[in-house]
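Below, each chain spelled out in residue letters.
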Amino acid sequence: MPFNRRHAARRFIQPCCQGRQQSWPVSFLPVCPFVQIAAVVAGGFILSVGLSDPAAAQIVVQAPADTRTSPARQHYDIPAGPLAPALRSLASSAGLLLTFTEDQIGGKTTNGLRGQYTVQEALALLLGNSGLQVTRLTNGSYVLQKMSATGHSPTNVTLPLMTVSSQTLKQGTAEEGYRVSNISGIGLWGERSLRDTPYSISVVPSDLIENVNAQNMGQIFKMNPLTQEPMIQNFTGVPFVTIRGFLSANPVYDGIPRTGANGTAVSVIEIDRVEILSGTSGFLYGGGRVGGAINYVTKSPTDVPLRRLTFGNYGGTQFYGHADISGKFDDRGRFGYRANLLYQGGDTAIGEPVNQKVANIVLDGHLTDTLYADVKYTYNDYRKEATQPTFNNMRERIAIDTSKRYSPQWASNDIESHKAYTSLRWDPNKYFTLRSAFFYQDTRMRVKQISLNEQVDRTFIPRVANSPWEKHEGYGGYIYLDSQFSTFAVDHKLTLGYSSTFYEYFTLSGTVSRVGTNLPLSELKNISEPDWGESFGSGAMSSVWVDRYNNILIGDDITFNDQWSAMIGFNYATTMNIASGWYGDGNKYEKSALTPTVSLLYKPIETVTTYISYMEALEKGTRVNNTYSNFGEVFPPLVSKQYEMGLKYDINPNLLLSTALFRIEKANQFSNQATPIPTYVQDGLQVHNGIELVLTGKVTDNLTIMGGGTLMDLNVEKANDPTLEGRKPINAASRMGKIYAEYALPWITGLSLTGGIYYTGERYGNAANTDKIPSYTLYDIGARYATRVLDKSLIIRLNVINLTGKNYWQDANYLGVPRTVAFSVSTMF
């Protein structure tokens, strides 16, 4: 079942048991016989499901006076503010099913609630003089309705077709301070409360992505307190994110881990939310991702029709148009669709021509009352010209004007990607749940890239590389079986599962390079394109790189009582690699290891969760390529270890404070930079000790904050070479402090002022720590105005990125983002 349906109008909240989220079977009625899915492929299963007679397609139930037999009182502490989050908080606390629409509660507020009340008393006090009332249906659920002129409830109510879990809740809206209560799942663990998850996690919802006019995820990671700003030059659109001082290059899509980042293009229009796991994730997703993992959760169909157009500009003359269309095929809402379409064209703020076309199509359906499936497809065609060069071997880390373009227009990259995804969820009864998903991506790309080596006189020698069309193919999936049972007074949710990811890289004749003569930086854009030769790009493609990770997992989510719980698991992880050509000798490399995790959680009060956790991660040993003197050497596999202790506190329903202490140990690998040919070395232990703090949500009714920071002590220990002791790892900032804020002006309805301050500390560009990358602070400002025109929603957004025009380095090789002005207008139709 999808985690979240953006812009869903109906809200459903499931009953809870001892404070824990539970998933209950989906219940609905059949629809017209012409709606039929012949086959759904998910996690290796092919299912054929027929639908029955439409005669029962609608049900009308009586809505008599409340017949609740147990009017027990319980304590509520719900602050004043918007009505929607207050109702959700009450429903979650009381364990009841409440249905309402956005139109009913839009703009309504409540005076809050504090004290001991029955459910009926609490609902009545929250609704106050809103003009709304709640009717209890015969099945025990509640429906919110407009109060009639007589003040009486209607006698007949059409029951919504489906009873769904809290996965369908639209969370993280701007009105809620971008605060998200539940995560879609993490590794084999299914959907669960963010506060009650024993890992450091930050969630970026699509509302925030849209409201800052993010062209790509680089803007979002720049703002997030747990991540360093990634290099934006990655032409696939997947940022290489540094978390806890380690590079996380391989993304996760809808819970499926991927390997081979060059074949995993991503567009912001297909993203519903980004779940950022800070810390080792080896048990959860298999090999790699020592510092953390990025899970891109994609959009799903909405419960009510959505018709939205957005027109805007990402900076320079990059105008774009985006359509987001969603709804249901049938009257009873069993089968849905969603389409996101984007066209973008023009020049960036520094004159780089960009053209992009994206189409994202989603279909989903409830095939039976216990079976849900969806299918998603994304096409991405992207071209960028005059891409900024990369800078290598900087002799002096000088400030370079980022507002200028330094490459000729023929320096370009192209990417064409096809991506398909399907998932299935089956709840045969309240004890078992089967979850499975499968992902496939085929990507073709080519690159003409200029890299620069700085000389003593501050001129640069350009090296021009032309990579012919290459193919990146990847697929992966998982299948998990959840079972719920009790042993004496202890509750268990035991999960058994398997996940796998595969990546293969094909190329033609390989990259052709040309080396130029010394030039000042200002003349580089006048370089003529070299003659690549008649045979360039000819011939058949051949496989030069294969990666595979397989994981056999078992995990037990144990609840001892309302305060104590534990999560224990084991992953038998296998990593395999085959490298040919300049990457290796074609021999197969395969290693396996058992990587455990254990977490203990304690809740001293309902709004606070503390935890300690331990996790290991397997990484394949590095296969040294032919740019080093020890070409062909294969290092032993790496097993990284992480120790973490954290606390999460719900200051109010829309404000979450999270903090964590951690220690990560990983084998140290680097180039010794020897001349004329360097050697790739594995020596010592890379140790990262640190503390993180994140505050997300509504501080007041008008003030929203997403802020925090990271402090780390980074060192190399236990090295055979004593000169390595105390060295800092490459591109790892030991200090970060960031804050993004929005303030809704109380005297101008619908107008919000936005802005952020983002500090990243100094880093080092090489293993010898002789290349120091300066620290920098960036400032953004913006505004957003929401109103209605011709009874249609209208939102106008304006953002200025890097307000002061700061010249800075994103990392050792890439220049920072120049001052950019972006704007957009969104309206319904």
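Every value quoted in this text rests on a predicted model; they were computed, and no experiment measured them.

Lay out the pattern of salt bridges in plain terms, naming residues and giving numbers.
The final tally for this structure, using the stated rule, is 35 salt bridges. Two residues, Arg 244 and Glu 644, come together in a salt bridge whose shortest N-O distance is 3.1 Å. Placement of Arg 244 in the loop between strand S17 (241-243) and strand S18 (246-248) and of Glu 644 in strand S38 (residues 638-652) is noted, with a sequence separation of 400 residues between them. Residue classification places Arg 244 among the buried residues on the basis of a relative accessible area of 2%. When the shortest N-O distance is used, the salt bridge between Lys 357 and Asp 381 registers 3.7 Å. Separated by 24 residues along the polypeptide, Lys 357 in strand S26 (residues 353-368) and Asp 381 in strand S27 (residues 371-385) bring together distant segments of the chain.

Run through unusual backbone geometry, naming residues and quoting values.
Positive phi values are uncommon outside glycine, yet Ala 386 reaches one of about 55°. Tracing the backbone through its elements, the reader meets Ala 386 in the loop between S27 and strand S28 (390-392).

Could you give me a rundown of the sheet that holds strand S12 (residues 142-146), with the residues and numbers involved?
Spatially, 3 strands are ordered S8-S12-S11 in an open sheet, and the strand pairing comes out mixed. The open sheet terminates on both sides in strands that have one partner only, identified here as strand S8 (98-99) and strand S11 (132-136). Two elements, S11 and S12, share 5 bridges in a ladder whose sense is antiparallel. When the sheet's bridge partners are listed, Thr 135 is paired in S12 with Val 143.

Tell me what's going on with the side chain of Ser 565, and back it up with residues and numbers.
For Ser 565, the position within the fold is in strand S35 (residues 564-579). Taking the relative accessible area as the measure of exposure, Ser 565 reaches 16% and is therefore buried. Apart from the residues lying within four places of it in its own chain, the contact partners of Ser 565 are Ile 558, Thr 559, Phe 560, Ser 599, Leu 600 and Leu 601.

Quick one: what's the story with the confidence of the model for the chain, residue by residue and with numbers?
A residue-level look at the chain finds 84% of positions with pLDDT of 70 or above and a mean pLDDT of 82. Here residues 1-71 scores under 50 on pLDDT; set against residues more than four positions off or in separate chains, the count is 228 contacts.

Which residues make up the nonpolar core, and what values do they have?
Ile 186, Tyr 199, Ile 209, Val 274, Leu 284 and Tyr 296 are the most contacted members of the largest nonpolar core, which has 62 residues in total. Residue contacts for Tyr 296: discarding those within four places in its chain leaves Met 217, Phe 221, Pro 239, Pro 251, Val 252, Tyr 253, Asp 254, Val 266, Ile 271, Arg 273 and Val 274. In this structure, Leu 83, Ala 84, Leu 90 and Leu 126 belong to the second largest nonpolar core, which totals 22 residues.

Mind laying out the side chain of Asp 557, listing which residues take part and the relevant values?
Among the structural elements, Asp 557 can be located in strand S34 (residues 542-559). Within the local environment of Asp 557, its side chain forms a polar contact with the side chain of Arg 192, the two groups lying 2.9 Å apart. If sequence neighbours within four positions are ignored, Asp 557 has contacts with Trp 189, Arg 192, Asp 491, His 492, Lys 493, Ala 566 and Met 567.

So what about the environment of Ile 757? Which residues, and what values?
Among the structural elements, Ile 757 can be located in strand S43 (residues 751-760). Separated by 24 residues in sequence, Ile 757 and Ile 781 have C-alpha atoms that sit 9.1 Å apart. In this structure Ile 757 touches Gly 737, Lys 738, Ile 739, Thr 777, Leu 778 and Tyr 779, once residues within four positions along its chain are discounted.

Just give me the short version of helix H1 (residues 83-94), but keep the residues and values in it.
Residues spaced three or four apart along an α-helix point in a common direction, a consequence of the helix completing one turn every 3.6 residues. Taking 1.5 Å per residue, 12 residues should reach 16 Å; H1 reaches 16 Å between its end C-alpha atoms and fits that length. Buried residues dominate H1, accounting for 10 of its 12 residues. Of the residues making up H1, those classed as buried are Leu 83, Ala 84, Pro 85, Ala 86, Leu 87, Arg 88, Ser 89, Leu 90, Ala 91 and Ala 94. Positive backbone phi, approximately 70°, marks Gly 95, located one or two places after H1.

Break down a nonpolar patch on the surface for me, citing the residues and quoting the values.
The grouping of Leu 496, Tyr 498, Ile 552, Ile 554, Ile 568, Phe 570, Tyr 572, Leu 594 and Val 598 at the surface amounts to a nonpolar patch, some 790 Å² of accessible area in total. At the level of secondary structure, the elements contributing two or more residues to the nonpolar patch comprise strand S32 (490-507), S34, S35 and strand S36 (588-605). Considering every element that reaches the nonpolar patch, the biggest residue donor is S35, with 3 residues. Position of Leu 594 relative to the elements: it lies in strand S36.

Any details on the packing of H1 against helix H3 (residues 119-127)? Residues and values, ideally.
Where H1 meets H3, the axes come as close as 11 Å, and the angle between the chain directions of the two elements is 175°. Looking at the two axes, H1 sits roughly antiparallel to H3. Contact residues: Leu 83, Ala 86, Leu 87, Leu 90 and Ala 94 in H1; Val 119, Ala 122, Leu 123, Leu 126 and Leu 127 in H3. Residue composition of the contact of H1 with H3, grouped by class: 10 nonpolar, no polar and no charged.

Outline the sheet that holds strand S19 (residues 252-253), supporting the account with residue identities and numerical values.
One open sheet holds the 5 strands; their spatial order is S16-S21-S22-S19-S20, and the pairing between them is mixed. Two strands lie at the open edges of the sheet, namely strand S16 (200-205) and strand S20 (256-257), each paired on one side alone. Relative to strand S22 (residues 292-298), S19 runs parallel, the two sharing 2 bridges. Its bridge partner being in S22, Tyr 253 is matched across the sheet by Tyr 296.

Explain the packing of aromatic side chains to me, using residue names and the numbers behind them.
Note on aromatic pairs: each is described by the distance of the centres and the angle between the planes. Under the counting rule described, the total for this entry stands at 14 aromatic pairs. A ring pair is formed by Trp 189 and Phe 283, whose centres lie 6.1 Å apart and whose planes are at 45°; its orientation type is tilted. Within this pair, whereas Trp 189 is found in the loop between strand S14 (182-183) and strand S15 (192-193), its partner Phe 283 is found in helix H6 (residues 282-285), the two being separated by 94 residues in sequence. As far as the burial class goes, Trp 189 and Phe 283 line up, both buried. Pairing Tyr 253 with Phe 439 gives two aromatic rings, centres 5.2 Å apart and planes at 10°, and the pair type is stacked. In this pair, Tyr 253 sits in strand S19 while Phe 439 sits in strand S30 (residues 432-454), placing the two residues 186 residues apart along the sequence. Classification of Tyr 253 as buried rests on a relative accessible area of 1%. The exposure class of Phe 439 is buried, given its relative accessible area of 2%.

Calculation criteria
Residues numbered from 1 in each chain as written. Predicted model: local features only at pLDDT ≥ 70, side-chain atom pairs only at ≥ 80, totals over all residues. Heavy atoms only, no water. Salt bridge = Lys/Arg side-chain N within 4 Å of Asp/Glu carboxyl O. Helix = DSSP H or I, 4+ residues; strand = E, 2+ residues; numbered from the N terminus. Buried < 20%, exposed > 50% of the residue type's maximum accessible area, 1.4 Å probe, protein only. Pairing = 2+ DSSP bridges. Contact = heavy atoms within 4.5 Å. pLDDT = per-residue confidence, 0-100. Core = buried A, V, L, I, M, F, W, Y, C linked by side-chain atoms within 4.5 Å. Polar contact = N/O pair within 3.5 Å; in protein donor to acceptor, adjacent residues only side chain to side chain. Expected span 1.5 Å × (residues − 1). Patch = residues over 30% accessible without salt bridge, like charges linked within 9 Å, V, L, I, M, F, W, Y side chains within 5 Å. Areas by Shrake-Rupley, 256 points an atom, 1.4 Å probe, with all protein chains shown as cover. Axes fitted to C-alpha atoms, helices over the stretch in contact; angles between N-to-C directions. Parallel < 35°, antiparallel > 145°, perpendicular 65-115°, else oblique. Nonpolar A, V, L, I, M, F, W, Y, C, P; charged D, E, K, R; others polar. Phe/Tyr/Trp six-rings, centres within 6.5 Å; stacked < 30°, edge-to-face > 60°.

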